[in-house]
Amino acid sequence: MDNIIIKGAKENNLRNIDLTIPRDRFIVFTGLSGSGKSSLAFDTIYAEGQRRYVESLSAYARQFLGQVNKPDVESIEGLSPAISIDQKTTNRNPRSTVGTVTEIYDYFRLLYARIGVPHCPQCGREVKAQSIDVIVDEIMSGEENERFMILSPVVRGEKGTQKKLIESLASDGYVRAVIDGELCELSEAPELDKNRRHDISVVVDRLTRREGIRSRLFDSVQTALKLSEGLAVYRSEAGEKLYSENFSCPECGISFHELEPRDFSFNSPFGMCPECSGIGYHTKPDPDKLIPDMSLSLNGGAVKFYNTNEDGYYFTIITELAKHYGVDPDRPLSEAPQKFIHALLYGDDTVLTIHFNSYFSGYKTTRVVFEGVVNNLMRRYRETSSDFMKEKMDEFMSSVECASCHGKRLNPISLAVTVGGKNIMEVTEMSVAGCRDYLRGLELSDKDANAHFEDNIGGTGDWRRPGPVYEIPYRTLYTAGLKNVLSAGRCISTAREAWEIVRCIPQAALTGQAAGTALTMAIASGETVQALDVAALRARLAAAGVLLDINKKDRQERPPAQK
């Protein structure tokens, strides 16, 4: 289908509007303030595209997204899942990237959850399904006469009281369960907080490893797998091990659950790196910012984090520390021994006696062990609840790449899932042009690439069809800095890039609808449209091979205000 056909749009101030919009074009809506630009672009077209995207998710995922209402429109044909870039100043949240602001990253998460190939994060082998026989053989290979349990993890990291589930398990004849790590009887199960995430594993069987139990063990494992849709847990005094009927590494014994979009979100505990909590870096005190000029003395203000009030608490401490090491506080720090510099920054076990002027109780004498300027700054940064103080302390800190994820933000299991040999972060770090070429070059199976094509476009579809080429080699979906410049002037450029990426993602892998995604983008701010040089914009886009269609007049000035 070459067009997006809208019939009977009545959202907000729209009056039964019928409109045909060409696909694969950059569309701009102009008009007076209140003429219905936003109602058509965002409240109708985008809202319907987003609703279709949400409906493609699992029932479990949809319960956290809330109800997505259908816009007031009779029908919209030829519409693919849509993204929206609002013309507003975004915040400086370190979790935001260009991919998340434009919502393109949501499509990539869904793509990797649907057709991603999991690998073992330790040995790199492709993870494959385990049969019941393989699971039973491994359990039977343990020490004889060892007592163990077979559990079925029916709830994994889900919110709610789970009261009905517990009652249902009890009525089915199950007696015990492991709830949030504690073994208890279902009749005495604790009341769960509905706002916290919980884990519940029902005890399917308790066994002792010996000859003659294989048949019973086989039935118990089969029951556990059926209850939790492919997962079973072996639990003994030595610990627990998760088995998956779906994914497991034969070498390392690591099992995985079925992939979900949340596994690729660095804002979710299921996907984020556990060390940096999905930020990608750690903020740590920088010694070069704490002591930027070694030619200064302590009395001359070499330690920028402390003031030079001679009666002040911390300045008195570092002065006494200098005396302990025989360092003249009036001489440049560059002349001080390295041992003193290390003690100044990171502290030591020296007990110092100091006399200082307390703000609350006057002059006092006390004995202290100095923790060091670096440790002192880090402790005070963690303990303070003042945004003002944190902002001041940020001046002495620098960002250090997370040693666990190396700035990738995701946990090792999520990073080990690939599509076309690349994990999701490697793709988002590509330039826009490189990402487009990568997507078009994917070699996917018929199951992954052509699902539902026969029902939608007669089996002849190709999501790799050519489109406009934008020479933007430097910009990536991962770039965090661009999130702060998505103003009206940059919105046009970013929308074009967003369109170019989204339209290349295999549509069938996302929603099972028609192949080839197009983006209809609206410049919906009345003030911005009045200041927009349409002729210059058309010339700029034409040079890039893009046709600019405007649904009304090129420019429509506002009437003069009535005095």
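Remember, predicted model here, so these are calculated numbers, not experimental data.

Undergrad: Lay out the overall build of the protein in plain terms, naming residues and giving numbers.
TA: Assigned secondary structure in the protein consists of 21 helices and 17 strands. Classification of the 563 residues of the protein by burial places 47% in the buried group. Across the protein, the fraction of contacts at a sequence separation of at least 24, relative to all contacts at a separation of at least 6, is 70%. If you sum the accessible surface of the protein, you get close to 28600 Å²; carbon and sulfur atoms cover 47% of it.

Undergrad: Give me the packing of aromatic side chains: which residues, what numbers.
TA: Counting across every chain of the model gives 8 aromatic pairs. Between Y306 and Y314 the ring centres are 5.1 Å apart and the planes differ by 5°, which places this aromatic pair in the stacked class. Ring centres 5.0 Å apart and planes at 80° place the aromatic pair Y313 and Y314 in the edge-to-face group. Residue Y313 is classed as partly exposed on the basis of its relative accessible area of 32%. The ring of Y381 has K390 lying over it, and the distance from NZ or CZ to the ring centre is 5.5 Å. Between R409 and the ring centre of F266, over which it is positioned, the NZ or CZ distance is 4.6 Å.

Undergrad: So, the nonpolar core: which residues are in play, and what are the values?
TA: Ranked by size, the top nonpolar core spans 33 residues in total, and within it F340 and L344 carry the most contacts. In contact with F340, other than residues within four places in its own chain, are L298, L321, A322, Y325, V327 and L333. F148, L169, I179 and L192 belong to the second-largest nonpolar core, a separate cluster that totals 27 residues.

Undergrad: Tell me about the environment of I132, residues and numbers included.
TA: On the secondary structure map, I132 appears in helix α5 (residues 132–140). Note: C-alpha distance between I132 and E245 (113 residues apart in sequence) is 7.2 Å. Residue contacts for I132: discarding those within four places in its chain leaves F218, V221, Q222, L225 and E245.

Undergrad: Outline the pairing of strand β5 (residues 147–159), supporting the account with residue identities and numerical values.
TA: In terms of strand pairing, β5 meets strand β8 (residues 197–208) through 11 bridges, oriented antiparallel. Counterpart to R156 in the pairing with β8 is D199. Relative to strand β9 (residues 231–236), β5 runs antiparallel, the two being bridged by 4 bridges. Across the sheet, residue F148 finds its bridge partner in β9, namely S236.

Undergrad: Got a sec to walk through the environment of S220? Specific residues and values, please.
TA: Here S220 is to be found in helix α7 (residues 214–227). Among residues more than four places away in sequence, those in contact with S220 are I150, V204 and D205. Within the structure, the side chain of S220 is placed 2.7 Å from the side chain of D205, a separation counted as a polar contact.

Undergrad: Account for the packing of α5 against α7, with residues named and values stated.
TA: The relative placement of two packed helices comes down to the angle between their axes together with the axis-to-axis distance. The geometry of α5 relative to α7 is characterised by a closest axis approach of 10 Å and an angle of 125° between their N-to-C directions. The angle between the axes of α5 and α7 places the two elements in the oblique class. For the crossing formed where α5 meets α7, the hand is right-handed. Touching I132, D133, I135, V136, D137, I139 and M140 of α5 are R214, L217, F218, V221, Q222 and L225, all from α7. The residue makeup of the contact of α5 with α7, split by class, is 9 nonpolar, 1 polar and 3 charged.

Undergrad: Summarise the pattern of salt bridges; cite the residues concerned and give the values.
TA: One pass over the full model with this rule turns up 16 salt bridges. Close ionic contact of E383 with R379 constitutes a salt bridge, the shortest N to O distance being 3.3 Å. Taken as a pair, E383 and R379 lie in helix α11 (residues 373–383) at a separation of 4 residues, close to a single helical turn. For E383, a relative accessible area of 56% corresponds to the exposed category. For K408, the salt bridge is made with E429, and the minimal N-O distance between the two is 2.8 Å. Placement of K408 in the loop between β16 (397–401) and α13 (412–415) and of E429 in the loop between α14 (424–428) and α15 (432–440) is noted, with a sequence separation of 21 residues between them. On the basis of relative accessible area, K408 is assigned to the partly exposed category, the value being 23%. The exposure class of E429 is partly exposed, given its relative accessible area of 32%.

Undergrad: Tell me about the sheet that holds strand β4 (residues 73–77), and please be specific about residues and values.
TA: Within a beta sheet, neighbouring strands are joined by backbone hydrogen bonds and run either parallel or antiparallel to one another. Judged by pairing direction, the sheet is antiparallel, and its 3 strands sit side by side in the order β2-β1-β4 without closing on themselves. The open sheet is flanked by β2 (17–22) and β4, the only strands paired with a single partner. Shown here is a sheet whose adjacent strand axes are inclined to one another by a mean of 5°, direction ignored. One ladder, built from 5 bridges, connects strand β1 (residues 3–9) with β2; its direction is antiparallel. Paired with A9 across the bridge in β2 is I17. Of the strands in this sheet, β1, β2 and β4 touch helix α1 (residues 37–55), which is tilted by about 65° from β4.

Cut-offs and rules
Residues numbered from 1 in each chain as written. Predicted model: local features only at pLDDT ≥ 70, side-chain atom pairs only at ≥ 80, totals over all residues. Heavy atoms only, no water. Helix = DSSP H or I, 4+ residues; strand = E, 2+ residues; numbered from the N terminus. Buried < 20%, exposed > 50% of the residue type's maximum accessible area, 1.4 Å probe, protein only. Contact = heavy atoms within 4.5 Å. Areas by Shrake-Rupley, 256 points an atom, 1.4 Å probe, with all protein chains shown as cover. Phe/Tyr/Trp six-rings, centres within 6.5 Å; stacked < 30°, edge-to-face > 60°. Lys NZ or Arg CZ within 6 Å of the ring centre and 35° of its normal. Core = buried A, V, L, I, M, F, W, Y, C linked by side-chain atoms within 4.5 Å. Pairing = 2+ DSSP bridges. Polar contact = N/O pair within 3.5 Å; in protein donor to acceptor, adjacent residues only side chain to side chain. Axes fitted to C-alpha atoms, helices over the stretch in contact; angles between N-to-C directions. Parallel < 35°, antiparallel > 145°, perpendicular 65-115°, else oblique. Left-handed = near helix turned anticlockwise from the far one by under 90°. Nonpolar A, V, L, I, M, F, W, Y, C, P; charged D, E, K, R; others polar. Salt bridge = Lys/Arg side-chain N within 4 Å of Asp/Glu carboxyl O.

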